[in-house]
Amino acid sequence: MSMEMPIGRMKEKDFMSGYLEALALVERLHRLLLDVIKDEFERVGVLEINAVQALLLFNIGDNEVTAGELKSRGYYQGSNVSYNLKKLVEMGYMHHQRCEIDRRSVRVRLTQKGRDIRDVVTELFARHAEGLVSKGVITHDGIEDITGALKRVERYWTDQIRYIY
């Protein structure tokens, strides 16, 4: 008696294996990105903020936002966003102001000190983008393919959270 797996089942198993590998890679890449930012900050002598806070400053950019908007816009996924915002305000990287309409809500924007940090991260990412292309690590089409695929996964996961099938 043959114990061969049907072709459809093999493809399903292969896809699951690839999916799990992709999930692990996304996790590793995020942690590695934080390490790369941390190393850059050590190189330039910025030691008082961490990589998560620096990435938060980068993502806020020139916008004025609330903590809730940071999460809804996808700028920040951490559960400790309020803690990091408070620390960044205390260290002078951000201004904060209560909203006139909803006094419970606080709007934040970068100070000049915060914009300087954002610029360090921007320059780091620009060097990386140039290096990836010049060393042939990835092409313009390749980055578009990756970005497109990740956006489709993001939409799928978002739909799962919202129970839209």
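Residues numbered from 1 in each chain as written. Predicted model: local features only at pLDDT ≥ 70, side-chain atom pairs only at ≥ 80, totals over all residues. Heavy atoms only, no water.

> Explain the sheet that holds strand E1 (residues 65–66) to me, please; I cannot follow it from the model alone.
Whenever strands of a sheet pair, they do so through backbone hydrogen bonds, lying parallel or antiparallel. An order of E1-E3-E2 is seen for the 3 strands of this open sheet, with the pairing classed as antiparallel. Here the strands that pair on one side only, and so sit at the sheet edges, are E1 and strand E2 (94–98). Pairing analysis gives 5 bridges linking E2 to strand E3 (residues 106–110), with the strands arranged antiparallel. Bridge pairing links His 95 to Arg 109 in E3. (Pairing = 2+ DSSP bridges. Helix = DSSP H or I, 4+ residues; strand = E, 2+ residues; numbered from the N terminus.)

> Would you mind showing me how to read the packing of helix H2 (residues 51–60) against helix H5 (residues 112–134) here?
Two numbers describe a pair of packed helices, the interaxial angle and the distance between the axes. The contact between H2 and H5 brings their axes to 8 Å, and the two run at 95 degrees. On the basis of their axis angle, the class for H2 and H5 is roughly perpendicular. Contacts between H2 and H5 pair Ala 54, Leu 55, Leu 57 and Phe 58 from the former with Gly 114, Ile 117, Arg 118, Val 121, Thr 122 and Phe 125 from the latter. Of the residues assigned to the contact of H2 with H5, the class counts are 7 nonpolar, 2 polar and 1 charged. (Axes fitted to C-alpha atoms, helices over the stretch in contact; angles between N-to-C directions. Parallel < 35°, antiparallel > 145°, perpendicular 65-115°, else oblique. Contact = heavy atoms within 4.5 Å. Nonpolar A, V, L, I, M, F, W, Y, C, P; charged D, E, K, R; others polar.)

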